[in-house]
Amino acid sequence: MFEKLLKELEDLQNNRVSIPVKSDGDGYVDRECPNADCLFIFKVHEDDWRDIFRDEAVFCPMCRHEAKSDSWWTQEQLKHAQEEAFKYVSSRIDQALVAGARDFNARQPKNAFISMKMTYSGHALSTHFMLPIPASEEMQLKINCKKCQARYSVIGSAFFCPSCGHNSAEETFDSSIQKIEAKIRNLPLIRQAVSKVSKDEAETTCRSLIESSLNECVVAFQRFCEVVFAEHSPATKLKFNAFQNLDIGGDYWQELLTESYANWLTASELKQLNLLFQQRHLLAHTEGIVDQKYIDKSGDHSYKPGQRLVVKEKDVLKLVELVNKIVTILRTKL
Ligand SMILES: [Zn+2]
Ligand SMILES: [Zn+2]
């Protein structure tokens, strides 16, 4: 009476169950770094995943971990696939059991002294229709690898092309800066739109966008410096977040190029750059509340300890201009 079930199990074992994976609105599918210390989530364009990526090796854009193409499923995708596969397999087993019970009952002699009837209380009588694995929301920063042309997208920034492993620091820096400029440019629109709901929220949203831009600008600069520095001086072990700190980062350039920020910027530009870096530090570590250390390090006496920083659009644009100036010079020197 279990022939149907055994046959079904054998069939399930021999045939792969495949679950479709959906791409997002821009045609990108989710991927996740299998390195347990990293688990960086990014996206790759579905056409390029098929046409450009190689099965033997895919790289993590963040840590450059290398693994075969089938090891990049995200936790979400695996969870969804597991659930769908479970529903599908259970529905087929249910069906086989119901059919087995029906056959068993049909084979019972009509006038037997003892009669046996088999019932199966399963629920799914039709084969489960597998739902495609949904894609997460589009990621803003889209990068096109200069070397292999593969398209991928990340949140924040990345170092490496997932397809060829090429170091993408330069492309990433440029796109991060463009994104920051676009964000600042769009602030009046955002303010206007959110004001319709609440004026308070409009101010909070815009302030948080401005402040996060300051941070993104420093991070983009830091990553660019780390990567190009390591390319030219691979033996030097950089201190953690070295280029977030102008003194430490400046010393590294001095050692490598025998010149540094003070040679590339005017005294007032360097002072302003230092002040904006210190402000970013405050935003990241004290939620923008001024302390004595900030005043000493930045030379900014317009605040007293305990006050909250006020960052404006023009400050972000100034920081963009200054880091761009340094990066342009570094590009000609390296
Ligand atoms: Zn990784
Ligand atoms: Zn590439």
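Look up a bit, the structure's there.
The structure reproduced in this document is the subject of the present report. (Residues numbered from 1 in each chain as written. Chains lettered and ligands numbered in written order. Predicted model: local features only at pLDDT ≥ 70, side-chain atom pairs only at ≥ 80, totals over all residues. Heavy atoms only, no water.)

1. Things to note about the coordination of the zinc ion (ligand 1)
Thinking step 1. Bound to the zinc ion (ligand 1) on the protein side are Cys33 (SG), Cys38 (SG), Cys60 (SG) and Cys63 (SG), at distances that span 2.3 Å.
Thinking step 2. Taken together, the four donor atoms surrounding the zinc ion (ligand 1) define angles of 105 to 113° at the centre, an arrangement classified as tetrahedral.
Thinking step 3. For the zinc ion (ligand 1), the donor residues sit on a single chain with the sequence spacing C-x4-C-x21-C-x2-C.
Thinking step 4. Residue classification places Cys60 among the buried residues on the basis of a relative accessible area of 0%. (Donors = N, O, S within 2.8 Å, 3.2 Å for Na, K, Ca; no water. Tetrahedral: all angles 85-135°; square planar, octahedral: opposite > 155°, others 65-115°. Buried < 20%, exposed > 50% of the residue type's maximum accessible area, 1.4 Å probe, protein only.)

2. Focus: the sheet that holds strand 1 (residues 28-32)
Thinking step 1. Taken together, four strands build an open sheet; the order of strands is 1-2-6-5 and the sheet is antiparallel. Every interior strand has two partners, whereas the edge strands, strand 1 and strand 5 (141-144), have only one. Averaged over all neighbouring strand pairs, the angle between strand axes comes to 30°, with direction disregarded.
Thinking step 2. Sheet topology note: the strand 1/strand 2 (residues 41-45) ladder contains five bridges and is antiparallel. Across the sheet, the residue bridging to Val29 is Val44, located in strand 2. (Pairing = 2+ DSSP bridges. Helix = DSSP H or I, 4+ residues; strand = E, 2+ residues; numbered from the N terminus. Axes fitted to C-alpha atoms, helices over the stretch in contact; angles between N-to-C directions.)

3. Observations regarding the pairing of strand 1
Thinking step 1. The buried count for strand 1 comes to five of five residues, which makes it a mostly enclosed element.
Thinking step 2. Burial of the side chains of strand 1 extends over both faces: Tyr28, Asp30 and Glu32 are buried on one face and Val29 and Arg31 on the other.

4. Quick look at the pairing of strand 6 (residues 151-154)
Where a strand is regular, its side chains alternate between the two sheet faces.
Thinking step 1. In this structure, strand 2 lies alongside strand 6, joined through two bridges in antiparallel fashion. Within the sheet, the bridge partner assigned to Lys43 lies in strand 6 and is Ser153.
Thinking step 2. As paired strands, strand 5 and strand 6 are joined by four bridges and run antiparallel to one another. Paired with Ile143 across the strands is Tyr152, a residue of strand 6.

As far as function goes, none of this settles anything; it's purely spatial.
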